[in-house]
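One-letter residues, chain by chain:
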Amino acid sequence: MMAERKVLIVDDDAAAREALAATLTEHGYVVHQAGDGAEALKLLGAERAIRVLLTDVRLPAMDGIELLARVRVAHPELHVILVTAYANRSLALRALRHGAADFLPKPVDGEKLRGVIERSFYRTRLDQLAVSGQAAVGNLKSGALICSANGVVRSVSPEAAKLLGSARDKLLGKNLWQSTGYSELRDLLADPANKPVTLTHGQHILQVQHLPVEQHGGDVVLVVTEISDLRQIQRDLKAIRQDIEARVIERTRFLSEEIDFSERLLDTADVLIAYVNPDGKLERWNKFAIDLTGMTADRAEEHLADIMNDAASPLAEVFDPGVEHEVTGRIVAFVGPDGMSRLLTWSARRFREGPGRHGRLIVGMDVTEQKQLESTLQNYNSYLEDMVRQRSRELKTKNAQLIHTARLASLGEMVGSIAHEMKQPLNVIAITSDLIKLLRKNGKLSDELLENNLDKIRATVERMAGTINHLRGFTHIDATTFRPLTAREVIEGALVLVGVQIRQEDLEVEVSIDVNLDTFRGDRNQVEQVLVNLLMNARDAVLDAAQHAPIANDRRRIDIFARATDDNKWLAVEILDRGVGMSEEVVEHIFEPFYTTKDAARGTGLGLSICLNIVRAHGGDIEVESSPGQGSVFRILFPVDMEAELTGESQMMD
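Everything numeric here is computed off the predicted structure, so don't read it as measured data.

A. Quick look at the overall build of the protein chain. A count of helical and extended segments in the protein chain gives 21 helices and 22 strands. By residue count, 38% of the 654 residues in the protein chain fall in the buried class. Sequence-distant contacts in the protein chain: of pairs separated by 6 or more residues, those separated by 24 or more amount to 58%. When the accessible area of the protein chain is evaluated, it comes to approximately 37400 Å², of which 53% is carbon and sulfur surface.

B. The nonpolar core, seen in detail. Core analysis: the largest hydrophobic core is formed by 45 residues, its most contacted members being Ile 491, Leu 531, Leu 535, Ile 590, Phe 591 and Phe 634. Every element with two or more residues in this core is listed here: α17 (487-503), β17 (508-513), α18 (524-548), β19 (557-564), β20 (570-577), α20 (607-617), β21 (621-627) and β22 (631-639). If near-sequence neighbours (up to four positions away) are discounted, Leu 535 is found in contact with Ala 494, Leu 495, Val 498, Ile 502, Ile 558, Ile 560 and Ile 575. Counting 23 residues, the second largest nonpolar core, distinct from the first, contains Ala 274, Val 276, Ala 300 and Val 318.

C. Main features of the packing of aromatic side chains. Summed over all chains, the structure comprises four aromatic pairs. Aromatic pair Tyr 275 and Phe 351: ring centres 5.8 Å apart, planes at 85°, arrangement edge-to-face. Pair noted here: Tyr 275 is in strand β11 (residues 272-276) and Phe 351 is in strand β14 (residues 341-354), with a separation of 76 residues, a long-range link. Look at Tyr 275 and you get buried, because its relative accessible area is 11%. Using a relative accessible area of 46% as the deciding quantity, one classes Phe 351 as partly exposed. Ring centres of Phe 520 and Phe 638 lie 4.4 Å apart, and the angle between their planes is 15°; on these two criteria the pair is classed as stacked. Residue Phe 520 is located in strand β18 (residues 520-522), and its partner Phe 638 is located in strand β22; the two are separated by 118 residues in the primary sequence. As far as burial versus exposure is concerned, Phe 520 and Phe 638 are alike and both buried. Cluster of aromatic residues (ring-pair linked, three or more members): Phe 319, Phe 334 and Trp 346.

What counts and what doesn't
- Residues numbered from 1 in each chain as written.
- Predicted model: local features only at pLDDT ≥ 70, side-chain atom pairs only at ≥ 80, totals over all residues.
- Heavy atoms only, no water.
- Helix = DSSP H or I, 4+ residues; strand = E, 2+ residues; numbered from the N terminus.
- Buried < 20%, exposed > 50% of the residue type's maximum accessible area, 1.4 Å probe, protein only.
- Contact = heavy atoms within 4.5 Å.
- Areas by Shrake-Rupley, 256 points an atom, 1.4 Å probe, with all protein chains shown as cover.
- Core = buried A, V, L, I, M, F, W, Y, C linked by side-chain atoms within 4.5 Å.
- Phe/Tyr/Trp six-rings, centres within 6.5 Å; stacked < 30°, edge-to-face > 60°.

Okay, here's the thing in structure tokens:
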């Protein structure tokens, strides 16, 4: 019987962890749980009896691969099984290179999990026995004695005397089997070809064997070895073998039941299933095949023999076991001997029964009615194409409306900043008008003071008008063609809308724009919408990081860079934050519609999807670099306005 079997499950998802623990506990395992790698290492240090570690790959702070590497150093005897929802070849190879015992994809099948865990415990036990065996062999106690042919002891080593439980002087000159009481030794001396003799001395097990050396005067050399530890290891191995045999018997019974179930399942399948053995005999012809063709298996075998012997029949290579290549998706009519005809899609492949012997597994799907419907469906093709064109136009309109809606949503987030932009100039106007009244009341209002203050009011009104016009443009759906834009104007335009709001959160915004950047073509409102969205996301990332723990002042900053790529074919605008960052898994999905890491009150999951849609409509793309806890860089790439560049070169040449 195996000792108490302890397993440690590591997963940051408590529900998944509890489900696995319940399954393993039901099968008799003692289960410990940890929510992250650090907790797991601490628990392993305290609970040395744990032999199997089952860990999710995706863990906070320390992922499963790193935990595996640390465990292999600190606890090399531990068997580690990795579990992940994103199983792929490269990840599995990484896990195995780091010493993983096995690899399970999610969702985890209960029976498969049990099998993997059970194998790990057997391997652990065998590893322990191997170590014990090596130690036992290295610590073998043995001694030798020399006897005459009639069993008189002529010489004995101290170790041999001790193992036989007697003093040397009580053995020398005495008959060996009489002085020791082991009558079995008489047969060993009588015939050197006899197998070694096993003796029991108290708690010790001894083995005595005849040493095949050149005899001098008829003397015999015997070697006495204590094999108690080796026998215990043999008993342990026997127990493991018996346990495995019992499980194999149980598994065989289960597989037999599964085979019976599969046979019944084949008969309920709504496809023709046939199997032709290497000798050309039809061994399988399921119930659907009988119902479809009206032929029993015996009659079908005769009919198929005619088909395989007919080289002109398109079904010959489908059913002939001598054909090596596979057949996939071939549509051929099956005509029975009574004239019955059905149109089927055929697939066939070789099935190896033994060296040089291959049968043929055939599957046929009845598509008679389907093909009849196809001719009818063709009449609707032109109608559907018209519908697709109409829907495309509608989707284009809906897309523009969606972008406009997202722009209005961004505008809603910018209300605080807009209010600040309006409040400041209104305050200037109010103060200036009050000053004019006061000067007039005190008789100090000269024409010069009046004109200066009115100019100040006029300038303030123009500033407000500029902001309002900017907002009107931001919310307007512009169907005109693109025009040349500079990085500076779109960046400054976006900061007019959200710069104040970001700074009100005690965040700094720093802008760095390379000189002599080329222009790019686009819709200013849409490009500003992209920048506004990314700036607001950067703000949220920094604020989220500050909620978890205090952050340094140098992290309360958002950087905006504008530069040309190395090949000067693209203009790159980068928005860099030092916020919470994102994992690789999140980065893979952030541009998918409705995917969001924010709560429902802060995001719909459409912002980045729309941003990517806008940028690609401008012939560009968005790249993302991010690390959890380090921040993110969103890089917007616009193709350089080659037309403007060529025009500029042409003017310079003129």
